[in-house]
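Residue-level listing of the chains:
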Amino acid sequence: MSEISDFRSDTVTRPTPGMRRAMAEAAVGDDVLGDDPTVQELETLAAGIVGKEAALFVPSGTMGNSVAVKAWTRELEEVIVEARSHIFNMESTHLTFISRVTPRPLGSRRGAMDPDEVEANIRKPSVHIPETSLVCVENTHNNWSGAVLPLANLKALRSVADKHQIRIHMDGARIFNASTASGIPVKDYAALSDSVMFCLSKGLSAPVGSMLAGPRDFIDYARRIRKALGGGMRQAGVLAAPGLIALTEMVGRLGQDHARAKKLASAIAGLPGVKLDPADVETNIIIFGLSHPRVSIAEFIAGLRKKRILALALSGGVRFVTHKDIDDEDVERAISAFKEILA
Ligand SMILES: *Cc1c(COP(=O)(O)O)cnc(C)c1O
């Protein structure tokens, strides 16, 4: 347990001592000139893990998603997104700002869009109408409490996309959490999308960075877009080195985060004002509604803060995320705090 139990996000994870050492010792070159060996090693490893031809190291998940959308689309086109998705809600409108395409948000069942509804929303262009060129899916789904997308749903979406010759991009920021929870290899998820982005800097604990993977010509083009957006990095081997550790040493421990999230969810589900079905907590994210007769959400968050426990307020609810720097003692402290504040 550290001094503060920080449940706000798995992005708060600190690099491990091994990552710090790897950063200090990393072999580097100039990655924009194409000769940083550590970045190349990371890109090769990442592509192999998700079973794609090539991969690109990007500074953030948001840049990975924005580069992917830009590479797959042109102006006067439309992109189908899930209504609560990160890409649609949390990435500062890069669909319109960078790619200049229209988002078409659709509802879902815990992140899984209905394939028939997706098909019905694929638009054929006319002088009035944009052409649908891309569908974005999110696995795990952050705003649906870390829900894992069912493989059958992704397969059905793939059939629809193939029938209409459009692309699928997977925002797999937490694809390793999905795989850990379901037992389905990340390759099997990635095989159902044309491109996949995943984060090294969340539960995998690297300080910075995400990977975008896909066909080689797509990644070659994505590399040019990354440079245009200012994402070309020079001696980036110092950042890729902890990314290699993230992929080789940190995936195996994600199950612990899931077990702790389940434990916390089960303990708080019956408390006054908490609206939560513990069965909805499949991975490391707990989102619950809070409507208590005496305690507002802001008061709840402030009460936790006094006890040196941090969580994020959402509209109508609260988010807790478990990760490497949350241990059993942090979970116990949080459970006691819930009981005291909501008594
Ligand atoms: C965090 C996150 C991203 C983007 O990550 P940043 O590195 O913060 O830009 C994308 N998608 C999902 C689902 C995320 O949770």
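Look a little higher up for the structure.
Please read all numbers here as calculations on a predicted model, not as lab measurements.

Procedures and definitions
Residues numbered from 1 in each chain as written. Predicted model: local features only at pLDDT ≥ 70, side-chain atom pairs only at ≥ 80, totals over all residues. Heavy atoms only, no water. Pairing = 2+ DSSP bridges. Helix = DSSP H or I, 4+ residues; strand = E, 2+ residues; numbered from the N terminus. Axes fitted to C-alpha atoms, helices over the stretch in contact; angles between N-to-C directions. Contact = heavy atoms within 4.5 Å. Near = heavy atom within 4 Å. Polar contact = N/O pair within 3.5 Å; in protein donor to acceptor, adjacent residues only side chain to side chain. Areas by Shrake-Rupley, 256 points an atom, 1.4 Å probe, with all protein chains shown as cover. Nonpolar A, V, L, I, M, F, W, Y, C, P; charged D, E, K, R; others polar.

Topic: the sheet that holds strand β7 (residues 195-199)
One open sheet holds the 7 strands; their spatial order is β2-β8-β7-β6-β5-β3-β4, and the pairing between them is mixed. The open sheet has two edge strands, β2 (54-58) and β4 (102-106), and neither has a second partner. When strand polarity is set aside, the average angle formed by the axes of neighbouring strands in this sheet is 20 degrees. In this structure, strand β3 (residues 77-82) lies alongside β4, joined through 5 bridges in parallel fashion. The residue of β4 that forms the bridge with Ile80 is Arg104. Helix-sheet contacts for helix α2 (residues 37-50) involve β2, β7 and β8 (210-214), and the interaxial angle to β2 is about 125 degrees.

Focus: the site of the ligand
Around the ligand, the surrounding shell holds 13 residues, and the nearest of these are Gly61, Thr62, Asp171, Arg174 and Lys202. One of the side-chain nitrogen or oxygen atoms of Thr62 is found 2.6 Å away from an oxygen atom of the ligand. Between a nitrogen atom of the ligand and a side-chain N or O atom of His86, the distance comes to 3.4 Å. Taken by itself the ligand offers 370 Å² of open surface, and the protein chains cover 85% of this. Considering only residue class, the shell around the ligand consists of 2 nonpolar, 6 polar and 5 charged.

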